[in-house]
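So you can see what is in the structure, the chains are spelled out below.
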Amino acid sequence: MPISALVFGGRRREVAPLVYEARDWQHGVLVGASLASETTAAAVGQVGVTRRDPMAMQPFCGYNFGDYWRHWLNVGAQLARPPRIYHVNWFRRDAHGKFLWPGYGENLRVLAWMLERCAGRAGATESAVGWLPRPTDLDTRGLNVGADALAALLTVDPTLWRKELGELREYLGRYGSRLPPALLAELESTERRLV
């Protein structure tokens with residue numbers, strides 16, 4: 001059975017928008033490699049610390065992540081129509097700490113946009129980090145999500161992303177010579193787009 005999309009998710013208060021689509025497979029591998037969540041009271045340790053969890057596999061990956069990412073890049077290079085790769089963040093908050101997206105069953109509205117993108121029927125706008133839905137691309141009928149909240153959910157703040165990419169560069173640097181050069185090239189491409 002063909003796979004149309006892969007969906008990664010992180011828990012971020014500010015940085016990651018509600019959803020974005022990777023530009024292509026190689027960029028998608030970087031999206032998966034950069035997966036991160038802020039710790040909560042449910043986790044051991046300090047609350048609000050960013051924890052990297054590449055491909056959501058940190059506890060399960062039995063070999064070096066540099067090799068793992070290289071495998072993902074190689075697989076994608078062999079596919080005529082690789083799945084699209086998405087990143088979701090249901091946990092974006094406003095300045096008062098209030099969640100901007102209702103979550104739970106309403107997440108299907110975002111998944112519907114992804115499916116429509118895969119079918120070539122939904123629009124998007126290009127950002128430095130990938131393709132974002134336009135506010136009109138998401139069905140928000142009946143939701144208590146105003147235009148300002150929706151705009152905030154779909155915003156890529158260059159200042160926050162420069163900091164994020166700097167931290168990601170440091171993280172990826174830990175893999176030394178095993179880091180696939182293609183991932184570093186994707187990181188640099190994203191940095192250049194943040195103007």
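First, a word on what this report is: a plain description of the structure on this page. Values in this document were obtained by computation on a predicted structure and should not be read as measured data. (Residues numbered from 1 in each chain as written. Predicted model: local features only at pLDDT ≥ 70, side-chain atom pairs only at ≥ 80, totals over all residues. Heavy atoms only, no water.)

**Brief notes about unusual backbone geometry**
Logical step 1: Despite not being glycine, Tyr104 shows a phi value in the positive range, around 50°.
Logical step 2: Inspection of the secondary structure puts Tyr104 in the loop between strand S5 (84-88) and helix H3 (107-118). (Helix = DSSP H or I, 4+ residues; strand = E, 2+ residues; numbered from the N terminus.)

**Observations regarding the packing of helix H1 (residues 25-33) against helix H6 (residues 181-193)**
Logical step 1: At a minimum axis distance of 9 Å, the contact between H1 and H6 shows a crossing angle of 90°. Comparing their axes, H6 and H1 come out roughly perpendicular. Side by side, H1 and H6 meet where Gln26, His27, Val29, Leu30 and Ala33 of the first sit next to Ala182, Leu183, Glu186, Leu187 and Thr190 of the second. (Axes fitted to C-alpha atoms, helices over the stretch in contact; angles between N-to-C directions. Parallel < 35°, antiparallel > 145°, perpendicular 65-115°, else oblique. Contact = heavy atoms within 4.5 Å.)

**Topic: a nonpolar patch on the surface**
Logical step 1: A contiguous nonpolar surface patch, about 250 Å² in accessible area, is contributed by Val7, Leu108 and Leu111.
Logical step 2: Position of Leu111 among the secondary structure elements: in helix H3. (Patch = residues over 30% accessible without salt bridge, like charges linked within 9 Å, V, L, I, M, F, W, Y side chains within 5 Å. Areas by Shrake-Rupley, 256 points an atom, 1.4 Å probe, with all protein chains shown as cover. Salt bridge = Lys/Arg side-chain N within 4 Å of Asp/Glu carboxyl O.)

**Things to note about helix H5 (residues 158-173)**
Because each turn of an α-helix spans 3.6 residues, side chains separated by three or four positions end up pointing in the same direction.
Logical step 1: End to end, H5 covers 22 Å across 16 residues, agreeing with the expected 22 Å (1.5 Å per residue, within 8%).
Logical step 2: Of all the positions in H5, only Trp161, Glu164, Leu165, Leu168, Tyr171 and Leu172 are classed as buried. An end-on view of H5 places all buried positions within 115° of arc, on one side of the element. In H5, those exposed residues whose orientation departs by more than 90 degrees from the buried face are Thr159, Lys163 and Glu170.
Logical step 3: The secondary structure elements touched by the buried residues of H5 are strand S2 (19-21), H1, strand S4 (50-52), helix H2 (65-77) and H6.
Logical step 4: Of the residues flanking the start of H5, the one acting as N-cap is Asp157, its side-chain oxygen 2.8 Å from the backbone nitrogen of Thr159. (Expected span 1.5 Å × (residues − 1). Buried < 20%, exposed > 50% of the residue type's maximum accessible area, 1.4 Å probe, protein only. Arc of directions from axis to C-beta. Polar contact = N/O pair within 3.5 Å; in protein donor to acceptor, adjacent residues only side chain to side chain.)

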